[in-house]
Amino acid sequence: MAKGKISKTAKRKTVSKFTIDCSQPVDDGIMDASSFEKFLIDKIKVNGKTGNLGELVGVSRDKAKVLVQAETAFSKRYLKYLSKKYLKKQQLRDWLHVIANTKTSYELRYYKIHDQDADEDED
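This section reports on the structure supplied with the text. On a predicted model such as this, the values are computed, not experimentally measured, just so you know.

### Brief notes about helix α2 (residues 33–43)
Residue pairs three or four apart in sequence face the same way in an α-helix, which turns once every 3.6 residues. Residues of α2 that are buried: Ala-33, Phe-36, Glu-37, Phe-39 and Leu-40. Seen end-on, α2 carries its buried residues on one side only, within an arc spanning 160°. Next to the buried residues of α2 lie β1 (16–21), α1 (23–28), β4 (57–62), β5 (65–70) and α3 (76–89).

### A short note on the sheet that holds strand β7 (residues 105–110)
Read from one edge to the other, the open sheet built from 5 strands follows the order β4-β5-β1-β7-β6, with strand pairing classed as mixed. Looking at the sheet topology across the chains shown, the edges are occupied by β4 and β6 (96–102). Between one strand axis and the next, the sheet turns through 20° on average, direction left out of account. As paired elements, β1 and β7 share 3 bridges and run parallel to each other. Each residue of the ladder has a partner; that of Ile-20, found in β7, is Tyr-106. Most of the contacts of α2 go to β4, to which it runs at about 180°, and overall it touches β1, β4 and β5.

### Describing the pairing of β5
Here β5 shows a buried face lined by Val-66, Val-68 and Ala-70 and an unburied face lined by Lys-65, Leu-67 and Gln-69. Where β1 lies against β5, 6 bridges are found, and the strand directions are antiparallel. Each bridged residue has a counterpart across the sheet, and for Lys-17 the counterpart in β5 is Gln-69. Two elements, β4 and β5, share 6 bridges in a ladder whose sense is antiparallel. For Asp-62, the partnering residue across the bridge sits in β5 and is Lys-65. In this structure, the hairpin formed by β4 and β5 is closed by a connection of 2 residues, where Lys-63 is found at a positive phi of approximately 55°.

### Overview of the side chain of Glu-37
Residue position: Glu-37 is located in helix α2. If sequence neighbours within four positions are ignored, Glu-37 has contacts with Val-59, Ser-60 and Arg-61.

### Topic: the packing of aromatic side chains
All told, the structure shown has 5 aromatic pairs when counted by the stated rule. Arranged with centres 6.2 Å apart and planes meeting at 35°, the rings of Phe-18 and Phe-74 form a pair that is tilted. You can see Phe-18 sitting in strand β1 and its partner Phe-74 sitting in the loop between β5 and α3, a full 56 residues away along the chain. The exposure classification of Phe-18 matches that of Phe-74, with both residues buried. Each ring, one from Phe-36 and one from Tyr-86, has its centre 4.9 Å from the other, and the planes form 50°; the classification is tilted. You can see Phe-36 sitting in helix α2 and its partner Tyr-86 sitting in helix α3, a full 50 residues away along the chain.

Rules and cut-offs
Residues numbered from 1 in each chain as written. Predicted model: local features only at pLDDT ≥ 70, side-chain atom pairs only at ≥ 80, totals over all residues. Heavy atoms only, no water. Buried < 20%, exposed > 50% of the residue type's maximum accessible area, 1.4 Å probe, protein only. Helix = DSSP H or I, 4+ residues; strand = E, 2+ residues; numbered from the N terminus. Arc of directions from axis to C-beta. Contact = heavy atoms within 4.5 Å. Pairing = 2+ DSSP bridges. Axes fitted to C-alpha atoms, helices over the stretch in contact; angles between N-to-C directions. Phe/Tyr/Trp six-rings, centres within 6.5 Å; stacked < 30°, edge-to-face > 60°.

And the structure:
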C-alpha cells in the first residue's frame with residue numbers, strides 16, 4: 001500500500017469590518033454613541049451566547065462612528081437588527097432609520113418629513 005501525502009488545508013481568517021455612522025443624531029444631542037457601543041457589546045451573540053465576544057468580535061468607537069470587527073461569520077444584517085432594536089429601546093425609532101450607505105457600513109438618518117402646510121398652500 002502506497003503512502004499518500006496528507007495535505008493540510010489552512011483556513012484563512014476572514015476579518016469582516018463594519019461601521020455604523022451615528023454622526024447626525026449625536027451632533028444633535030439626542031443619542032449617545034458610547035451607550036450604543038455598550039449596547040452592541042452586551043447584545044452581540046457569538047456561538048449563541050451574549051457577552052461572549054472574546055477575541056473573535058471587537059467593538060470600538062471613533063467619535064460618532066461605531067466600528068465592529070469580526071473574525072467569525074458575521075452578517076451586516078445582524079448589525080442592522082441590533083441598531084433598530086437600540087433605537088426602539090431609546091424611543092428614537094420614530095425619527096431615525098438605518099440606511100446602508102456602502103457595502104460595509106450603515107448610517108443613522110432622520111426620516112424626510114415634508115411639511116404638510118406647504119403642500120396645502122400650493123394647491
